[in-house]
Amino acid sequence: MDAALEKSAMRKIYLRLLPFAFVAYSLCYIDRINATFAGLTMRGDLGMSAAAYGFAVGTFYWGYFLFEVPSNLILEKFGARLWIARIMITWGVLAALTAASTGTTSFAIIRFLLGVAEAGFFPGMVLYFTYWFPAQHHARIVSGILAGFVVAVAGGAPISTALLSLDGMFNLRGWQIMYIAEGIPTVIVGVATLFIMIDKPEQAKFLTAEEKAWLITKLASERQAKEAVRRFGLWEGMFNPKVLLLALNYFGILTASLGMLFFIPQIIKSIGVSNNMTVGWLTMLPYICGGISLVVWGRISDRMRERRWNLLAACIVSTVGLVIAGVTMGSWWALVGMSIAAIGFYGSKGPFWAMPPMFLTGTAAAASLAWINSLGNLGGFFGPWYVGAMKDLTGSFAGGLLGLALLGFIAATVAAFFLHIPDATKDGRAIPAGSPAA
């Protein structure tokens, strides 16, 4: 009976919530990374060096860092529906206002404010889905949300470069048209959020009474199992050694990932591709590979009910890919290397984000998920700045990518030796803290 209830309830919840999360995250990443494509012409129009561009792009992550935890605590207290809608509407407005940039300083300020506006969106969605999905679904549901990232890059690449070609329309530069055109849909979906999202299963009219009862009981039993091992307070959770090690691992992966991401179009152009539209199409390749890895690796991790070694394997793959890209820079093998790196970067997401809910609940989970994400996302500042600085210093992207490979290796080392997190929810029972990891 429980198996039938689980199957019917999960099917309804997946169909109701996952498509919305997918679309919302797609728009989130389009508005965050469209500077990647704007940089093809914006740098020249505004007179920015590679290092200045990397610095300005990265200020987004300082805004993200400062407001991530407060944002998630507000969401946990007042509900996801209103707060996610607020996030999407304000970030859509600011994404469109990026068209008003007149130089490095104004671009950096708008990017910082965009980070403030978007802070809390991704960890808020991860937290939100812990209200709806039992632990055995966590890696695949996170992978499903993050698949929107692949759409943002793979689908957004040709769209963004096509919009760049509209240079002169309405007396605007192509990159200005791109920012405005890609910010407006986010505002529209933000308003729609008020009518689509439901805060808790208790309020779900699309579930039967039996399905709601099963889900509420299942989630409550998993929470009790985790709290039987240990219950963390807000500050205790944020500064727990496992939380800080997760943040260190995530910092390494995101520094490497975003350092590569924001320069992929320029790296492809340096190989000898002169047409911006062709650059856009080729930029899709690494992230198609990453998207497949994201979904498949998340499902594998859930089927195995194993997180740590899947995360380690993904970190190793990303490191190898960056080394290949670095040593073959200037040839098409660099694109192959970046595609391998993307497989590792995005294959790591499902196993990684399934780990914090293995031992955190309640307000501690809200704060710690945001804390991990905010510390990790500082890599979004350091990665692009470092790659840009190395390009200005050496005239090549090779040194930057090899430096990023070192960060991938550090992330792998943390996963291999320090991320031992027992799964208190496995088989519906608490697992003593000293027992082997699931």
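Residues numbered from 1 in each chain as written. Predicted model: local features only at pLDDT ≥ 70, side-chain atom pairs only at ≥ 80, totals over all residues. Heavy atoms only, no water.

J.: Sorry if this is basic, but what is going on with the overall build of the protein here?
T.: When helices and strands are tallied, the protein shows 18 helices and zero strands. Based on the C-alpha atoms only, the size of the protein along its principal axes is roughly 60 × 45 × 35 Å. Per-residue burial for the protein yields a buried fraction of 61% across its 438 residues. The long-range share in the protein, meaning contacts at least 24 apart out of those at least 6 apart in sequence, stands at 82%. Accessible surface for the protein amounts to roughly 16000 Å². Of this, 70% is attributable to carbon and sulfur atoms. Distance between charge centres in the protein, computed from 31 positive and 21 negative side chains, equals 2 Å. (Helix = DSSP H or I, 4+ residues; strand = E, 2+ residues; numbered from the N terminus. Buried < 20%, exposed > 50% of the residue type's maximum accessible area, 1.4 Å probe, protein only. Contact = heavy atoms within 4.5 Å. Areas by Shrake-Rupley, 256 points an atom, 1.4 Å probe, with all protein chains shown as cover. Lys, Arg positive; Asp, Glu negative; His and termini not counted. Charge placed at Lys NZ, Arg CZ, Asp CG, Glu CD.)

J.: Explain empty space enclosed by the protein to me, please; I cannot follow it from the model alone.
T.: One way to see where empty space is left: roll a probe the size of a water molecule over the atoms. Evaluated as defined, the whole model comprises four cavities of 30 Å³ or more. As a volume, the largest cavity reaches approximately 120 Å³. If you trace the largest cavity, you find 14 residues lining it, with Tyr25, Tyr29, Leu146, Tyr250 and Lys349 closest to the centre. At three residues, helix 1 (residues 2-46) tops the list of elements feeding residues into the lining of the largest cavity. Its residues assigned to classes, the lining of the largest cavity shows ten nonpolar, two polar and two charged. (1 Å grid on protein atoms, 1.4 Å probe; cavity = no way out; pocket = protein on both sides within 12 Å on 5 of 7 lines; lining within 4 Å. Points joined across faces, edges and corners; volume = space filled by probe spheres on them. Nonpolar A, V, L, I, M, F, W, Y, C, P; charged D, E, K, R; others polar.)

J.: Looking at this structure, how should I read the packing of helix 2 (residues 50-78) against helix 16 (residues 362-377)?
T.: Helices that pack against each other are described as a pair by the angle of their axes relative to one another and the distance between those axes. At a closest axis distance of 8 Å, the pairing of helix 2 and helix 16 adopts a crossing angle of 170°. The orientation of helix 2 relative to helix 16 falls into the category roughly antiparallel. Contacts between helix 2 and helix 16 involve Tyr61, Tyr64, Phe65, Glu68, Val69, Asn72, Leu73 and Glu76 on the former and, on the latter, Gly362, Thr363, Ala366, Ala367, Leu369, Ala370, Trp371, Asn373, Ser374, Leu375 and Asn377. (Axes fitted to C-alpha atoms, helices over the stretch in contact; angles between N-to-C directions. Parallel < 35°, antiparallel > 145°, perpendicular 65-115°, else oblique.)

J.: Would you mind showing me how to read helix 14 (residues 333-347) here?
T.: Structural remark: α-helix, 3.6 residues per turn; residues separated by three or four positions point the same way. An ideal rise of 1.5 Å per residue puts 21 Å on 15 residues; helix 14 measures up with 21 Å between its terminal C-alpha atoms. In terms of residue burial, helix 14 counts as a mostly covered element, since eleven of its 15 residues are buried. For helix 14, the set of buried residues is Ala334, Leu335, Gly337, Met338, Ser339, Ala341, Ala342, Gly344, Phe345, Tyr346 and Gly347. (Expected span 1.5 Å × (residues − 1).)

J.: It is not clear to me how unusual backbone geometry should be interpreted in this structure. Could you clarify?
T.: Of note, Phe170 is a non-glycine position whose phi angle comes to about 55°, a positive value. Looking at the element boundaries, Phe170 is found in the loop between helix 6 (138-164) and helix 7 (174-196). Backbone geometry at Asn171 places phi at a positive 60°, although glycine is not the residue there. Mapping Asn171 onto the fold places it in the loop between helix 6 and helix 7.

J.: Got a minute to help me understand the nonpolar core in this structure?
T.: One recurring pattern in soluble globular proteins: nonpolar side chains tend to sit buried together. Ranked by size, the top nonpolar core spans 135 residues in total, and within it Phe121, Trp132 and Met260 carry the most contacts. The biggest single contributor to this core is helix 1, with 20 residues. (Core = buried A, V, L, I, M, F, W, Y, C linked by side-chain atoms within 4.5 Å.)

J.: What is the right way to read the layout of surface pockets from this model?
T.: The volume enclosed by the largest pocket comes to roughly 460 Å³. Contributing to the lining of the largest pocket are 21 residues, with Thr130, Tyr131, Leu219, Ala220 and Arg223 lying nearest its centre. Of all the secondary structure elements, the ones that give two or more residues to the lining of the largest pocket are helix 5 (121-130), helix 8 (209-229) and helix 16. When residues in the lining of the largest pocket are grouped by element, the largest group, six residues, is from helix 8. Each residue belonging to the lining of the largest pocket can be placed in one class, and the counts come to eleven nonpolar, four polar and six charged.

J.: Which parts of the structure should I look at to understand the packing of aromatic side chains?
T.: By convention here, two paired aromatic rings are described through the distance between centres and the angle between planes. Summed over all chains, the structure comprises 24 aromatic pairs. Through successive ring pairs, a cluster of aromatic residues spans Tyr14, Tyr128, Phe129, Tyr131, Trp132, Phe133 and Phe206. Above the ring of Tyr131, the side-chain terminus of Lys200 is found at 4.9 Å from the ring centroid. (Phe/Tyr/Trp six-rings, centres within 6.5 Å; stacked < 30°, edge-to-face > 60°. Lys NZ or Arg CZ within 6 Å of the ring centre and 35° of its normal.)

J.: Where do I start with the confidence of the model for the protein in this structure?
T.: Predicted coordinates in areas of low pLDDT are best not read in detail. Here the protein averages 83 in pLDDT, while 91% of its residues score no lower than 70. Of all secondary-structure elements in the protein, the lowest mean pLDDT belongs to helix 9 (residues 234-238), at 70, while helix 13 (residues 308-327) reaches the highest, 94. Predicted confidence for residues 427-438 stays below pLDDT 50, and this span has 23 contacts to residues more than four positions away or in other chains. (pLDDT = per-residue confidence, 0-100.)

J.: Would you mind showing me how to read the side chain of Thr255 here?
T.: Tracing the backbone shows Thr255 in helix 10 (residues 241-261). Polar side-chain contacts of Thr255 include one of 2.6 Å to the backbone oxygen of Phe251. Setting aside chain neighbours within four positions, we find Thr255 in contact with Gly379, Phe382, Gly383, Leu404 and Leu407. (Polar contact = N/O pair within 3.5 Å; in protein donor to acceptor, adjacent residues only side chain to side chain.)

J.: For this particular structure, what's the right way to read helix 1?
T.: The end-to-end C-alpha distance of helix 1 is 61 Å, a good match for the 66 Å that 45 residues give at a rise of 1.5 Å each. Of all the bends in helix 1, the largest measures some 65° and sits at Gly39. One or two steps after helix 1, the chain reaches Gly47, where phi turns positive at roughly 65°. (Bend = angle between axes of the 7 residues up to and from the residue.)

J.: Please explain the environment of Met197 as it appears in this structure.
T.: Within the secondary structure, Met197 sits in the loop between helix 7 and helix 8. With 189 residues separating them along the chain, Met197 and Tyr386 place their C-alpha atoms 39 Å apart. Ignoring anything within four residues of it in the chain, the contact list for Met197 reads Phe20, Ala80, Arg81, Ile84, Met125 and Tyr128.

J.: Just checking my understanding: could you explain the pattern of salt bridges for this structure?
T.: It is possible for side chains bearing opposite charge to pair when their charged atoms get close. A complete count under the given rule lists four salt bridges for this structure. Notably, a salt bridge pairs Glu211 with Lys12, separated by 3.0 Å at the nearest N-O pair. One end of the pair, Glu211, is in helix 8; the other, Lys12, is in helix 1, with 199 residues separating them in the sequence. Look at Glu211 and you get buried, because its relative accessible area is 4%. A salt bridge links Asp45 to Arg173; the nearest nitrogen and oxygen atoms lie 3.6 Å apart. A residue pair is termed long-range when its members are at least 10 positions apart, and Asp45 in helix 1 and Arg173 in the loop between helix 6 and helix 7 qualify at 128 residues. Overall, the relative accessible area of 37% leaves Arg173 in the partly exposed class. Look at the salt bridges and you will find they share partners, linking Asp45, Asp167 and Arg173 into a network. (Salt bridge = Lys/Arg side-chain N within 4 Å of Asp/Glu carboxyl O.)

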